[in-house]
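Residues per chain, in single letters:
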Amino acid sequence: MNKSIDPRVNRIDFPEEVTEKKELDQWETWEVFHQRKRGEQHEHAGIVHAPNAEMALVMAKETFGRRGHTANIWVVQSMHVHSTGYEDDDMFATTPEKIYREAGGYKVMEKINKYKKEQQ
Amino acid sequence: MDTNTAIKELLYKIADDQLVIGHRNSEWTGLGPILEEDIAFSSMAQDKLGQSQAIYNILNSMGEQDADTLAFMRNAAQFHCNHLVEMPIGGYDFSLIRHFLFDHAEWLRFDMLMNSSFEPIAKLARKYRGEIKYHIMHADVWLKQLGNATEESHNRMQTALDNSFNKALGIFETGPHEEQLKSEKIFEGEEILKQIWLKKISPIIELANLELPAESAWNPSLGGRAGKHTEYLQPLLDEMTEVFKIDPSAEW
């Protein structure tokens, strides 16, 4: 046995039999929303496990805010997110055809892109 | 005694503490209690290494050797870290308590150093303020969580606190140049730092439903600043420097 006290060298005792755990057997999940710069939209970044909002924010900071720029982070308990059903996704079927609803479909697209570029 | 000698003493102990606790905490990488916490703890360990490197760079600019040589080529007797940071990671209870006790001291030390007359360290203290703010936020949240959760978690945190506290008091071991650092307004001194630290951590410990050991039992674990260490430091250094020492001149 190596004399190292680093547990990565001498692995701590793992149980021989690994039993499968129930889903969410410990902490609930929180949805994380990440804002890059003040004034920009918060964007969904992913999920963290935490027992309360305070812990969720602490986990979210390093999990989703440790690279690049961050101005602000929101967390919301997953159970508070309501969604449409995938069985109803035919509601959206014809939307991609309605390009007249997209600003990008107009002749000003070039101008828009130029403007966007300037804003970056 | 010239000012540079006094400043170097101060910088060495800060950087050595950060390097050693950074290495220790990195030993949790891959073994953290949950994925998110594994990421957070590893990331903070990296922060500590980065902070130590920045301070070794200041030392280098004052005529000491370069950061890699300072980090990897000294033996235990040449290190000035305190005994708390040398201890093996133990259980997560101990590692969290150490993180709490040490990082609050670091936060307050940097808070003082922001106004230091030695501009390079004042600048660095301002730069890393936000980084360390997260470290203490993380420590406080975990302390409150586990101190107030189950009987087992509470007892384990209390035991870890009882077992760590005298080593934590060793953070504030005074050095030979203390008076000079004070009179030249470089650093306000270990004793006042300790008093502010006690004032800062006490209400958080109370919120966590934990108790500081009775003052009659306080017995600071001293010697680290003068190169006298626990049996755990040299094996840590041997391990940390193993790859570097295969070929110290290698380009990375």
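Preceding this paragraph is the structure being described.
So, how was this worked out
- Residues numbered from 1 in each chain as written.
- Chains lettered and ligands numbered in written order.
- Predicted model: local features only at pLDDT ≥ 70, side-chain atom pairs only at ≥ 80, totals over all residues.
- Helix = DSSP H or I, 4+ residues; strand = E, 2+ residues; numbered from the N terminus.
- Rg over C-alpha atoms; globule rule 2.2 N^0.38 Å.
- Buried ≥ 20, exposed ≤ 12 C-beta atoms within 10 Å, placed from the backbone.
- Contact = placed C-beta atoms within 7 Å.
- Nonpolar A, V, L, I, M, F, W, Y, C, P; charged D, E, K, R; others polar.
- Axes fitted to C-alpha atoms, helices over the stretch in contact; angles between N-to-C directions.
- Parallel < 35°, antiparallel > 145°, perpendicular 65-115°, else oblique.
- Left-handed = near helix turned anticlockwise from the far one by under 90°.

**Student:** Help me understand the overall build of chain B in this model?
**Tutor:** Counting its regular elements, chain B contains eleven helices and zero strands. The helix and strand sequence of chain B, counted from the amino end, reads α-α-α-α-α-α-α-α-α-α-α. Relative to its length of 252 residues, chain B is compact, with a C-alpha radius of gyration of 18 Å against a globular reference of 18 Å. Here chain B holds 252 residues, and the buried ones make up 41% of them. The contacts of chain B with a sequence gap of at least 6 include a subset with a gap of at least 24, amounting to 77%.

**Student:** Any chance you could explain the environment of Gly91(B) here in plain terms?
**Tutor:** All names here are of chain B. Along the chain, Gly-91 falls in the loop between helix H4 (83-86) and helix H5 (92-113). Since 12 C-beta atoms lie within 10 Å of it, Gly-91 is described here as exposed. In this structure, the C-alpha to C-alpha distance between Gly-91 and Thr-241, residues 150 residues apart in sequence, is 24 Å.

**Student:** Quick question: what am I supposed to make of the interface of chain B and chain A here?
**Tutor:** Size of an interface, as often reported, equals the accessible area lost when the parts are brought together. Facing the 18 residues of chain B at the interface are 16 residues of chain A. Elements supplying a minimum of two residues to the side of chain B that touches chain A: helix H2 (35-61), helix H7 (129-147) and helix H11 (233-246) of chain B. Looking at side-chain class alone, the side of chain B that touches chain A contains ten nonpolar, four polar and four charged residues.

**Student:** What is the right way to look at the environment of Gly227(B) in this model?
**Tutor:** Residue position: Gly227(B) is located in the loop between helix H10 (190-207) and H11. With near-sequence residues (within four places) excluded, Gly227(B) lies in contact with Ala77(B), Gln78(B), Phe79(B) and His80(B).

**Student:** Help me understand the packing of H5(B) against helix H8 (residues 151-169) of chain B in this model?
**Tutor:** Axis angle and axis distance: for two packed helices, these are the angle between their axes and the distance between the axes, and together they describe the pair. Residues and elements named next belong to chain B. It is at 9 Å that the axes of H5 and H8 come closest, and there the two elements cross at 50°. Taken as axis vectors, H5 and H8 run oblique relative to one another. Seen from above, H5 lies across H8 with right-handed handedness. Residues Asp-93, Phe-94, Ile-97, Arg-98 and Leu-101 of H5 form the contact with H8, whose own contacting residues are Arg-156, Met-157, Ala-160, Leu-161, Ser-164 and Ala-168.

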